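Results of the structural survey
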Amino acid sequence: MVAEKDTAYRANGTTRSQVMSILLKQGPVAAAEIGTELGLSPAGVRRHLDKLVEEGMAETCPPRAVAGDQASRGRPAKHFQLTVKGREEFGTSYDTIALEAVDVIESIGGEEAVREFARRRAERIFADVQTGADSDDPEAAVQAVAAALEAHGYEPTVRRTPAGIQLCQHHCPVSAVAAEHPELCEAEHEAIARIVDTHVQPLALIVDGHGICTTNIPLAPKAGNETKGAADND
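Computed from a predicted structure; not experimentally measured.

**So, the sheet that holds strand β1 (residues 29-30)**
Sheet strands line up and pair through hydrogen bonds in the backbone, either parallel or antiparallel. Strand order in the open sheet formed by three strands is β1-β3-β2, and the pairing between neighbours is antiparallel. Either end of the sheet is taken by a strand with one partner, and the two such strands are β1 and β2 (58-61). When β2 meets strand β3 (residues 79-82), the two strands line up antiparallel, connected through four bridges. Pairing of C61 across the sheet is with H79, part of β3. The sheet strands contacting helix α2 (residues 15-26) are β1, β2 and β3, and the helix crosses β3 at an angle near 95 degrees.

See the structure below:
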């Protein structure tokens, strides 16, 4: 009977979600308890738990202490619970709350209040980044910008192009808010321009339906290259 139910759960693809649901509601919980509740074989439960631990969705932990319980003899069964990452699989309302908060800021202080909020947010993101005016290496300034963005969940990459340096953000943690309040993107671009000490060119935005945010930072020709070009023209 257990084998039949185990096969059925695997067939319809619900085993993982069933296991995670029990970990959410009952964790810490032992593998045997999950197997009993879902009618799964011990080996089947362990496969799912091992995979969830490997992916950072679950973790081993001590069993929940219950008042009046006496310590049992022998080695206690391994217990499992969801990690923060695993709990996030059940969804969050962070985007909704953030959007509501910015909407309230706008209702109280208008667009200028939203712009001020966006500027302060950008200042916090890039608080530890030196400006390009303080460095002879603009690409180093862009790399510093990318490091600051990465620390805040933007997943950036940097690459040189014939037109300068392209800063690509493969994820935007505030895209839901930025779609309604583009002041957030504008403030980030203004802050980046100050840091690299030149104007920047937004080429694509995730909030506009692109899969990536791309910003071009044009670089002025080096003095040596200008001199060489002049000599070639003589």
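Read on, since the account is not over.
**Some words on the sheet that holds strand β5 (residues 164-169)**
Within the open sheet, the four strands sit side by side as β4-β5-β7-β6. Their pairing is antiparallel. In this open sheet, the two edge strands, each paired with only one partner strand, are β4 (156-161) and β6 (201-204). For this sheet, the mean angle separating the axes of adjacent strands, direction not counted, is 25 degrees. The pairing of β4 with β5 spans six bridges and is antiparallel. Following the sheet pairing, V158 is matched in β5 by L167. Against the sheet, helix α7 (residues 138-151) contacts β4, β5 and β7 (213-217), and its axis sits at roughly 160 degrees relative to β4.

Here is what the cut-offs are and how they apply
- Residues numbered from 1 in each chain as written.
- Predicted model: local features only at pLDDT ≥ 70, side-chain atom pairs only at ≥ 80, totals over all residues.
- Heavy atoms only, no water.
- Pairing = 2+ DSSP bridges.
- Helix = DSSP H or I, 4+ residues; strand = E, 2+ residues; numbered from the N terminus.
- Contact = heavy atoms within 4.5 Å.
- Axes fitted to C-alpha atoms, helices over the stretch in contact; angles between N-to-C directions.

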